[in-house]
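# Observations on the model geometry
Listed here are the chains, written in short residue letters.
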Amino acid sequence: MKLEDMTLNELWRLFPITFVDSNTNFKNIYLEEEQNLKSLLNNYIKRISHIGSTSIKNIKTKPIIDILIEIDFDNKNIVKNILLNNNYLLMNESTNKISFNKGYTINGYADNVFHIHIRNYGECDELYFRDYLNDNRKKAKEYEKLKLELYDKYNPNRDLYTADKTKFVNEIVALAKETYKGKY
């Protein structure tokens, strides 16, 4: 059986949501993958950044490294094909973003797992979110609490877990954009 032949429920069970404590090794894992991505996409990357919960200090997180790659979106098909030809799994594509995964196998998670988010340069709400939570420990802990509650409520349904975080994320992004006007 191939991953693409599995139902959502089968995939959710094969790739469960798990939480671990924040640790500095996440940065090192990110930096290794950043170098790999730069070697593949060197001329197309406008900015590459560590995002997601593994980039936020002192909160429980899924052990999945999220990476934002901002490009000139006129090159999206070139970037997409390079990643497809280098064992990244296309997860989602729309007019303004492309998402890839790496580290998902028929036997479950590999040692290192990545979610790659491709956006047009300047579409970087995730950077505002990351920075705000790193600068505001109380809000970061609220986010951690929300994630753990949603896990308890929706496990194993990843889609509902993710969707129910949206309101909180959007509120933080709005606060961050006001606080860090013009940072990105």
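Note: the structure precedes this text.
First things first, this report covers the structure right here in the doc. Predicted model, so just to flag it, every value in this text is computed and none were measured.

### Let's talk about the environment of K183
Here K183 shows up in the segment after α7 (166-179). Taking the C-alpha atoms as reference, K183 lies 16 Å from K46; in sequence the two are 137 residues apart. Excluding its chain neighbours within four sequence positions, the residues that come into contact with K183 are Y128 and D131.

### Observations regarding helix α4 (residues 125-135)
Here α4 lies mainly inside the structure; eight of its eleven residues are buried. Taken together, the buried positions of α4 are L127, Y128, F129, R130, D131, Y132, L133 and N134. Among the structural elements, β1 (45-51), β2 (65-71), α5 (137-154) and α7 are those in contact with the buried residues of α4.

### Here we look at α7
Relative to the 20 Å expected for 14 residues at 1.5 Å per residue, α7 spans 20 Å between its end C-alpha atoms, a close match to the ideal helical length. Along α7, the residues that are buried comprise F168, I172, V173 and A176. Along α7, the residues classed as buried sweep out an arc of 130° about the axis, all on the same side. Exposed positions of α7 whose direction lies more than 90 degrees from the buried face are K167 and E178.

### Overview of the sheet that holds strand β3 (residues 89-93)
Read across the open sheet, the five strands follow the order β1-β2-β5-β4-β3; overall the sheet is mixed. Each edge of the open sheet carries a strand with a single partner, namely β1 and β3. Across the sheet, the axes of successive neighbouring strands diverge by a mean angle of 20°, strand direction being ignored. The strands touched by helix α2 (residues 25-41) are β1, β2, β4 (97-105) and β5 (108-120); relative to β1, the strand with the most contacts, the crossing angle is about 160°.

Conventions and cut-offs
- Residues numbered from 1 in each chain as written.
- Predicted model: local features only at pLDDT ≥ 70, side-chain atom pairs only at ≥ 80, totals over all residues.
- Heavy atoms only, no water.
- Helix = DSSP H or I, 4+ residues; strand = E, 2+ residues; numbered from the N terminus.
- Contact = heavy atoms within 4.5 Å.
- Buried < 20%, exposed > 50% of the residue type's maximum accessible area, 1.4 Å probe, protein only.
- Expected span 1.5 Å × (residues − 1).
- Arc of directions from axis to C-beta.
- Pairing = 2+ DSSP bridges.
- Axes fitted to C-alpha atoms, helices over the stretch in contact; angles between N-to-C directions.

Structural measurements only, silent on function.
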